[in-house]
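# Results of the structural survey
The lines below spell out each chain.
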Number of protein chains: 2
Amino acid sequence: MDPDSKAAKSSLSEDTYLAIRQALIDGSFKPGQRLSEPELALRFRTSRSPVREALLRLEHDGFLERTQNGQVRAKPLDVSDFEALYVIRANAEGLAVRLATPRLRTIDLEEMGLRLDELEKLARKGDPDGAVAAGPGFHDVIPRECGNPLLVEILGGLRARISRFRILVGSPEYEKEKIVEYRRILKALYQRSPEQAEAEMIRHVNRSATAFVAKLRRRIENQS
Amino acid sequence: MDPDSKAAKSSLSEDTYLAIRQALIDGSFKPGQRLSEPELALRFRTSRSPVREALLRLEHDGFLERTQNGQVRAKPLDVSDFEALYVIRANAEGLAVRLATPRLRTIDLEEMGLRLDELEKLARKGDPDGAVAAGPGFHDVIPRECGNPLLVEILGGLRARISRFRILVGSPEYEKEKIVEYRRILKALYQRSPEQAEAEMIRHVNRSATAFVAKLRRRIENQS
DNA sequence: CAGCCTGTATCTGTCGACAATGATATAACA
DNA sequence: TGTTATATCATTGTCGACAGATACAGGCTG
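Figured I'd write up the structure that's included with this text. (Residues numbered from 1 in each chain as written. Chains lettered and ligands numbered in written order. Predicted model: local features only at pLDDT ≥ 70, side-chain atom pairs only at ≥ 80, totals over all residues.)

### Looking at the overall build of chain A
When helices and strands are tallied, chain A shows 10 helices and 3 strands. Start at the N end of chain A and walk to the C end: the helices and strands fall as α-β-α-α-β-β-α-α-α-α-α-α-α. Buried positions account for 30% of the 224 residues belonging to chain A. Taking as baseline every contact in chain A between residues at least 6 positions apart, the subset at least 24 positions apart corresponds to 71%. (Helix = DSSP H or I, 4+ residues; strand = E, 2+ residues; numbered from the N terminus. Buried ≥ 20, exposed ≤ 12 C-beta atoms within 10 Å, placed from the backbone. Contact = placed C-beta atoms within 7 Å.)

### Focus on the protein's contact with DNA strand D
By nearness alone, 16 residues border DNA strand D, and S11, L12 and S47 of chain A together with E37 and G70 of chain B come closest of all. Contributing elements (two or more residues each) for the surface near DNA strand D: α1 (12-26) and α3 (48-61) of chain A together with α2 (37-43) of chain B. Taken together, the residues of the surface near DNA strand D sort by class into 4 nonpolar, 9 polar and 3 charged. (Near = placed C-beta within 6 Å. Nonpolar A, V, L, I, M, F, W, Y, C, P; charged D, E, K, R; others polar.)

### Let's talk about the relation of the copies chain B and chain A
Each copy of the sequence occupies a distinct position, and chain B is placed on chain A by a rotation of 180° and an axial shift of 0.0 Å, giving an RMSD of 0.0 Å. Here the transformation between the copies is reduced to the relation of a two-fold axis. Same-surface contact between copies: 100% of interface residues of chain B are shared with the interface of chain A. (Least-squares fit on C-alpha atoms with pLDDT ≥ 70 in both.)

### Examining the protein's contact with DNA strand C
Near DNA strand C, the surroundings consist of 16 residues, among which E37 and G70 of chain A together with S11, L12 and S47 of chain B are the closest. Contributing elements (two or more residues each) for the surface near DNA strand C: α2 (37-43) of chain A together with α1 (12-26) and α3 (48-61) of chain B. For the surface near DNA strand C, the class distribution of residues is 4 nonpolar, 9 polar and 3 charged.

### A look at helix α4 (residues 79-100) of chain B
If you check α4 of chain B, its first and last C-alpha atoms are 31 Å apart, about what 22 residues at 1.5 Å a residue would give, namely 32 Å. Of all the 22 residues making up α4 of chain B, 16 are buried; the element is thus mostly covered by neighbouring parts of the structure. (Expected span 1.5 Å × (residues − 1).)

### Remarks on the nonpolar core
Judged by nonpolar contacts, the single largest core of 60 residues is most densely connected at A96 of chain A together with A96 of chain B. Discounting residues that sit within four places of it in the chain, A96 of chain B has contacts with I142, P143, C146, L151 and L155 of chain B. Grouped together as the second largest cluster of nonpolar side chains are 28 residues, L64 and A74 of chain A together with F29 and L58 of chain B included. (Core = buried A, V, L, I, M, F, W, Y, C linked by C-beta atoms within 7 Å.)

### Points about unusual backbone geometry
Unlike most non-glycine residues, R192 of chain A shows phi in positive territory, near 55°. In this fold, R192 of chain A is placed in the loop between α9 (176-190) and α10 (194-223). Positive phi is not limited to glycine here, since R45 of chain B has a value of about 50°. Inspection of the secondary structure assignment puts R45 of chain B in the loop between α2 and α3. Taking the C-beta count within 10 Å as the criterion, R45 of chain B has 8 such neighbours and is therefore assigned exposed.

### Side note on the sheet that holds strand β3 (residues 72-74) of chain A
All names here are of chain A. If you walk across this open sheet you meet the 3 strands as β1-β3-β2, and the pairing is antiparallel. The sheet is open, and its two edges are formed by β1 (34-35) and β2 (64-66), each paired on a single side. Where β2 lies against β3, 3 bridges are found, and the strand directions are antiparallel. Within the sheet, the bridge partner assigned to E65 lies in β3 and is R73. Sitting on the sheet, α3 touches β2 and β3, and the angle it makes with β2 is about 100°. (Pairing = 2+ DSSP bridges. Axes fitted to C-alpha atoms, helices over the stretch in contact; angles between N-to-C directions.)

### Comments concerning α3 of chain B
An ideal rise of 1.5 Å per residue puts 20 Å on 14 residues; α3 of chain B measures up with 20 Å between its terminal C-alpha atoms. Here α3 of chain B has its buried residues at V51, R52, A54, L55, L56, R57 and L58 of chain B. Check the buried side of α3 of chain B and you find it contacts α3 of chain A together with α1, α2, β2 (64-66) and β3 (72-74) of chain B. Once α3 of chain B finishes, G62 of chain B follows within two positions and takes phi at roughly 90°, a positive value.

### Observations concerning the interface of chain B and chain A
Counting residues at the interface gives 15 residues for chain B, matched by 15 residues for chain A. Those elements giving two or more residues to the side of chain B that touches chain A turn out to be α3, α4 and α7 (149-163) of chain B. Here the element with the most residues in the side of chain B that touches chain A is α4 of chain B; it accounts for 6 residues.

### Points about the packing of α4 of chain B against α7 of chain B
Residues and elements named next belong to chain B. Here α4 crosses α7 at 145°, and the two axes come no closer than 10 Å. With respect to the hand of their crossing, α4 and α7 are arranged in left-handed fashion. Across the interface between the two elements, L85, Y86, I88, R89, A92, E93, L95 and A96 from α4 touch L151, I154, L155, L158, R161 and I162 from α7. When grouped by side-chain class, the residues that make up the contact of α4 with α7 number 11 nonpolar, no polar and 3 charged. (Left-handed = near helix turned anticlockwise from the far one by under 90°.)

What follows is the structure, given as C-alpha cells:
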C-alpha cells in the first residue's frame, strides 16, 4: 500500500506545483513578483503545460493573482487579507474542535497532553524553534479527528495561505500565553464540552492573530 | 467600465468551465459519470487544453474527482458529503451575518424586509417557484456586505456544491418555517446584535439542512 | 527635456502530436 | 463453459508550435 495516502501520484505538474508553492511560502518568490510561464518552465526544467496547471491551482489556492490580461503575480501580502483569512480560520478551527470533541479518544487527549508538556519544557529551556515545531503538532490532532474531510482541506488551505505572511515577520516567537490557552482547550476537551472547547479555540486563534498583526504593523512602520 | 466586475474575460477555458459546471449542477452530467477529455473537447467544440483547465478547476471546486489513474468522474452525491458541506456552510453563513451586522445600513435592512414581504406574498399565493427565487435574494445581501471577500468566495463555493444535491430531490418546496426564521434574523439585525443574528442564522441553516436530509433519505428509501 | 509614437520582443491562449499507461474486447485453452 | 493471455484501443501527461495581444524600449518631435 501507499505509505502516504495523501501523496498524489508523482508528475511534473504535481512537482512543479509543490515547488512553486514552496517558493511562495518561503519567500523565494516575493509578494507582487511577476511569474511568467516560459521562465518557470525553464527554471523547473519542464514545459509550459505543467507550469500552467500548477499556476492554475496556485491561483485557486490564493497564492497567486492574475492581472487583467492573464499575467500571473505572487499575491501581495496585505494586512487586510491577513485579517480576512484569520477571521475565517478562527471560526473554522473552532468548528473543528467542536466536531472533534465527542470523537476524540482518551488516548488522543493524552497524546495532546504529552505534546503540550514537551512544548512547555522546550519553552522553559528557551528553545523557540523547538517550541514552534511542537505547537502545530498539537493543532494537527484535532482536524485529524474532526470527521469532516472538507473542513480539514479548508483549514489546510487557510493555514498555508497564512503561513506565507511569516516571511514578513520572521519565525514566530514563543508566547507564554499559548500554553495557557492550549491547557484551557485541553481541559474543555477532557470535560467533553464542545461549546467551551470551541470558545477557547476561537479565543486562542484570535489572540494569536492580533499578536501577529501587531508585529506586522511594527515591522511596516519601522521599514517605512 | 465592466458592468459585471466578476465576469472573467471570455475565453474557451472559461466558457468550458462554466458549461461543464452548469451541466454538473443541473444533472446533465450524472453523479459518478465518467468524463473524458477528448469527449468533452468534442462536445464543446474546442481542444483538450481548455477542457483540461476546466476540469482542473472543477476538481478543485469539489465537483469532480479523479480515479487513481487520473480519470475524471462527476463526484457521487453522498449523504455524508452533504452533511459535511452543510456543517461548514452553517458556520460560514453564521460568520457572515455576524460580520455583516454592524456594517449593514438601514437601507439594506429595508431591502431585506421588502424581499421578505414579497417572499411571503408569493408563498401565500402558493407560488413555490417564486418563493424559491425570492429566497436566495435575501441571502445575498448579507455576504455582499460582510466585508470579507474570501468568505464570500468560500460561501459561494459551498452553496454551489450543495446546489448539486437538488437533482436528487427536485426543487425545494416552500417551507413556512423559513419565513419565521428570516424574520428572526432580520429582527436581530435591526437590534444590531451580531451574536443573536449569527445564532439565528446557524439555526436556520441547520434546520434547512436536516429537512433536506430527511427528504433525501425518503427518496433513497423509496427508490431502493 | 518631456511626451508621444512605433517597432520589437515577449507572453498567453489554444491547438495538434506523441508516447506511455491502463482499460477492454477477443481469442485461446483447460 | 470459465479462465487466462493477448492484442487492440482509448486516455492521460507532456511537449512544441502558432497566432493574437501586450508590454517595453528606443527614437522622434515639440
